[in-house]
Amino acid sequence: MNVLVLGSGGREHTFAWKIAQSPYCTTLFVAPGNSGTASVATNLEISVTDFEGIKSAVLNHNIEMVVVGPEDPLVHGVHDFFLNDDALKHVAVIGPQKAAATLEGSKEFAKEFLYRHNIPTAAYESFTAHNLEKGFSFLETLSPPYVLKADGLAAGKGVLIINDLEEAKSELKNMLVDSKFGAASTKVVIEEFLDGIELSCFVLTDGLHYKILPTAKDYKRIGEGDTGLNTGGMGAISPVPFADEVLLSKIEERIVKPTVEGLKKDQTPYKGFIFIGLIVVNNEPLVIEYNVRMGDPETEAVLPRINTDLMEIFMAINDQTLNTINLDINPQTATTVMLVSGGYPEAYDKGKTISGFDSVQEALVFHAGAKHSNGEVVTSGGRVMAVTAFGTDYKIALEKAYTEVSKINFEGMNYRKDLGFDL
Ligand code: AMP
Ligand code: GLY
């Protein structure tokens, strides 16, 4: 069948690379894609939220499956758009409908879901500009640091962790009254701070059954030793070495099962990936967030470890027969190093020529913010390329990844040289 992947990052290049290996995929399209997806698929110049444009492409190219990479189209109801259109409703869409996508679209909705289904998470209350004073009083009952979360989508920037009470109050006011994050901070969730170590758990569900994918850990801060500004993610390691059988079974019993059951009970259909952000405090896992998609760069480390045909998995999700799939996982560790533009996550230049990625042989190179221009591949975003290498443990895999990274160059190129420092 013909398949369309929506998105343009390293995650989508990885999806496209994996789908293109499947005998079930006839012609693969990516919208809008990047220079990497162009090597395995046909790029279509359509934005991921241009539903009418996507519809035309699906009809023109006889596309029978759409795999949604980022959260934006899901939160805006792309799956519902397909189901509500007679010409599109036969198309398989991998990604939840709008109701369930609200798990990522609204932090308050996610907290209510977690509480309703007794899934461990931090205590919280939510506030609007109308009860700002109550927000101040609630902050006074907590001990620092204070965790303030914009309710809506804020491109990964909507969470503030603040040590000083007065500063927390003033930021709460900035968010609620002065629209610090625009409409996303019309409501703010204030949460108890959890002191622990983070990991991500990825689940596939067809709404009835689930499969747990390999765990991964990403490195969000720009600076070594987890310092400096937050980024989309500077690298990933899969599996997470400290996620042993005991912890994994707690995650499955206390978090994954009640999440899938909760979606069923709430009658919110879900066909796609659930990315559960976890924090482990005294060996007990708690949920810090849900995302309704795969992570980036976690995808670049997790998907290459899945030997099973991804199209078989997606078709089973669509048919609600995920229980019949046997996941074959490569036991090796995969590590992903993200190469970013100088200055990122603040202002950076684009259009820098990227060289050397063609000579990488011992690793996979996934393009992110990279595009073709005048016969060259040039930078077009903050996160430029992801380099994934395998090894019997994360140290060996990382060493290989860094050796391969040294072959790639563009003006201003930056990357974290300390991935795994905390393991
Ligand atoms: P979120 O977007 O909810 O994942 O939050 C972004 C980051 O803030 C997380 O990856 C954590 O590092 C941190 N964070 C979020 N909530 C908490 C919490 N309750 N306690 C401690 N850290 C948190
Ligand atoms: N790497 C974190 C995310 O995709 O949200």
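Per-chain numbering applies: the sequence of each chain, read as written, is numbered from 1 onward. Lettering of chains starts at A and numbering of ligands starts at 1, both following the order in which they are written. Only residues with pLDDT of at least 70 are given local features in this predicted model, and only at 80 or more are side-chain atom pairs given and counted; all residues enter the totals for whole chains, interfaces and linings. Hydrogens and water are ignored here; the side-chain numbers use all heavy atoms of the structure.

## Concerning the site of ligand 1
Test applied: Near residues are defined by distance, with any heavy atom within 4 Å of the molecule or strand qualifying the residue. A 3.5 Å cut-off defines polar contacts: any pair of N or O atoms within that distance qualifies, except that in protein one atom must be a possible hydrogen donor and the other a possible acceptor, and neighbouring residues in sequence count only when both atoms are side-chain atoms. Note on areas: these come from Shrake-Rupley sampling with a 1.4 Å probe, and a residue is covered only by the protein chains present in the view.
As a matter of local geometry, ligand 1 sits amid 14 residues, with Glu191, Glu192, Leu194, Glu198 and Glu289 nearest to it. Within the contact set of ligand 1, an oxygen atom lies 3.1 Å away from a side-chain nitrogen or oxygen of lysine 107. Taking glutamate 289, its side chain carries an N or O atom lying 2.9 Å from an oxygen atom of ligand 1. With the chains in place, 87% of the 470 Å² that ligand 1 exposes on its own is no longer accessible.

## Quick look at the nonpolar core
Applicable threshold: The nonpolar core is taken to be a set of buried Ala, Val, Leu, Ile, Met, Phe, Trp, Tyr and Cys residues, with the residues joined through side-chain atoms within 4.5 Å. Throughout, exposure labels follow a simple rule: accessible area from a 1.4 Å probe, protein chains only, divided by the maximum for the residue type, with under 20% read as buried, over 50% as exposed, and the rest as partly exposed. By definition, any uninterrupted DSSP run of H or I lasting at least four residues is a helix, any uninterrupted run of E lasting at least two residues is a strand, and each is numbered from the N terminus. Should any heavy atoms of two residues lie within 4.5 Å, those residues are considered in contact.
In this structure, Leu4, Val58, Val66, Phe82, Ile276 and Tyr290 are the most contacted members of the largest nonpolar core, which totals 48 residues. In terms of residue count, helix H9 (residues 245-265) provides more of this core than any other element does, 6 residues in total. In this structure, valine 58 is in contact with Leu4, Ile63, Val66, Phe82, Leu88 and Val91, ignoring residues within four places of it in sequence. Residues Ala16, Met65, Phe314 and Ile317 belong to the second largest nonpolar core, which totals 32 residues.

## With respect to the site of ligand 2
Lining the immediate environment of ligand 2, one finds Asp218, Gly232, Phe275, Arg293, Gly295, Asp296, Pro297 and Glu298. Contacts to ligand 2 include aspartate 218, whose side-chain N or O atom sits 2.8 Å from a nitrogen atom. In isolation ligand 2 has 200 Å² of accessible area, and contact with the protein removes 87% of it.

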